[in-house]
Amino acid sequence: YLYDQERVLFTTAEYRCAAIGKMSCDFNDIGGIEEYQMGYHWSTDKCHILLKVNSIGQVAIVYKPEDYAYLHPHIDEDNMNFFKVYWTNGYPKSANNCGNGVCEAIVSGGCLCKTAVSESRVFSRMPKSPREVLSYLKVGAYDPSAFDAGKYVK
């Protein structure tokens, strides 16, 4: 069965296409199916994920697909969905030539930086306790103790 707008992994989408004798492609390249050219669709095109760093070190994610007909505003270069990042040795900004030229200066005054995915094993043995696991693995949420008194509600 195929379900319009169903969110699935890329591998699932590839499998379903192959099961009906089809292959994955960019829906924007197919004519006559305009009613389906909305929302999100998997594509076999390459895509670069960039980080846009503003003047105070906050980051917004920017996607640069190889080819596209339309890119949603919340993932293009105008993305204003910034989030806080805890930098260890400063961050790329105009004052340091966007990280000594590692990143590209952009008209809005920030820097656009390439990313790289790195996968590595955290544990070579079974962790001894949940505390040990939590000391190495972080979940993207604020520690409740970081909030002012009366601001955090469970």
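Up top is the structure these notes are about.
Definitions and limits used
Counting starts from 1 at the beginning of each chain's written sequence and moves along it residue by residue. Where local features are concerned, this predicted model is filtered to residues with pLDDT of at least 70; where side-chain atom pairs are given and counted, the filter is 80 or more; whole-chain, interface and lining totals use all residues. Each side-chain value is worked out from all heavy atoms of the structure, with water and hydrogens disregarded. A pair of aromatic rings is counted whenever rings of Phe, Tyr or Trp (Trp by its six-membered ring) have centres within 6.5 Å, and the orientation is called stacked for planes under 30 degrees apart, edge-to-face for over 60 and tilted otherwise. Burial here depends on accessible area, computed with a 1.4 Å probe over protein chains only, as a share of the maximum for the residue type. Under 20% is buried, over 50% is exposed, and the range in between is partly exposed. Here a helix means four or more residues in a row that DSSP labels H or I, a strand means two or more in a row labelled E, and each is numbered from the N terminus. Only when the NZ of Lys or the CZ of Arg is both within 6 Å of the ring centre and within 35 degrees of the ring normal is a charge said to sit over the ring. Two strands are said to pair when DSSP picks up at least two bridges between them. Whenever a nitrogen or oxygen atom comes within 3.5 Å of another N or O atom, the pair is scored as a polar contact, on the condition that within protein one atom can donate a hydrogen and the other can accept it, and that pairs from neighbouring residues in sequence are kept only if both atoms are in side chains. The contact definition used throughout considers only heavy atoms, calling two residues in contact when any of these lie within 4.5 Å. Only a pair of cysteine sulfur atoms within 2.5 Å qualifies as a disulfide here. In the sections that follow, a salt bridge refers to a side-chain nitrogen of Lys or Arg positioned within 4 Å of a carboxyl oxygen of Asp or Glu.

Novice: I'd like a description of the packing of aromatic side chains, backed by residues and values.
Specialist: Using the criterion set out here, one finds two aromatic pairs in the structure. Consider the rings of Trp 87 and Tyr 91, whose centres lie 6.0 Å apart with planes at 40 degrees: the pair is tilted. By relative accessible area, which is 34% here, Trp 87 ends up partly exposed. Among the residues examined, Tyr 91 registers a relative accessible area of 17% and is labelled buried. Relative to Tyr 136, the ring of Phe 123 has its centre 5.5 Å away and its plane inclined at 80 degrees; by these criteria the two rings are edge-to-face. Taken together, the residues Phe 123 in the loop between β4 (111-114) and α3 (130-136) and Tyr 136 in helix α3 connect sequence positions 13 residues apart. It is Lys 93 that lies over the ring of Tyr 91; its NZ or CZ is 4.7 Å from the centre.

Novice: Before we move on, could you go through the sheet that holds strand β2 (residues 59-65) and cite the residues and values that matter?
Specialist: Strand order across the open sheet formed by four strands is β2-β1-β4-β3, with antiparallel pairing between neighbours. Either end of the sheet is taken by a strand with one partner, and the two such strands are β2 and β3 (104-105). Relative to β4, β3 is paired through two bridges, and the arrangement is antiparallel. Bridging across to β4, Glu 104 finds its partner in Leu 112.

Novice: Describe the side chain of Asn 79, and please don't skip the residues or the numbers.
Specialist: With respect to the helices and strands, the residue Asn 79 is situated in the loop between β2 and α2 (97-100). Among the polar contacts listed, one links the side chain of Asn 79 to the backbone oxygen of His 74, at a separation of 2.7 Å. When residues no more than four places from it in sequence are discounted, the contact partners of Asn 79 are Lys 52, Ala 60, Ile 61, Pro 73 and His 74.

Novice: An account of the state of the cysteines is needed here, citing residue identities and associated values.
Specialist: All chains considered together, the criterion is met by two disulfides. Bridging Cys 98 to Cys 111, the disulfide has an S-S length of 2.1 Å. Of note, the bridge from Cys 98 to Cys 111 carries an S-S torsion of about -85 degrees and is left-handed in sense. Taken together, the residues span a long stretch of sequence, with Cys 98 in helix α2 and Cys 111 in strand β4 at a distance of 13 residues. The burial state of Cys 98 is the same as that of Cys 111; both residues are buried. Counting only the cysteines that take part in disulfides, in the order they occur along the protein chain, gives the pairing 1-3, 2-4.

Novice: Give a detailed account of the pattern of salt bridges, specifying residues and quantitative values.
Specialist: Enumeration according to the criterion identifies two salt bridges in this entry. The salt bridge involving Lys 64 is made with Glu 77; its shortest N-O contact spans 2.5 Å. With Lys 64 in strand β2 and Glu 77 in the loop between β2 and α2, the pair connects residues that are 13 residues apart, well separated along the chain. Take Lys 64: its relative accessible area is 30%, and that puts it in the partly exposed class. Residue classification places Glu 77 among the partly exposed positions, given a relative accessible area of 35%.

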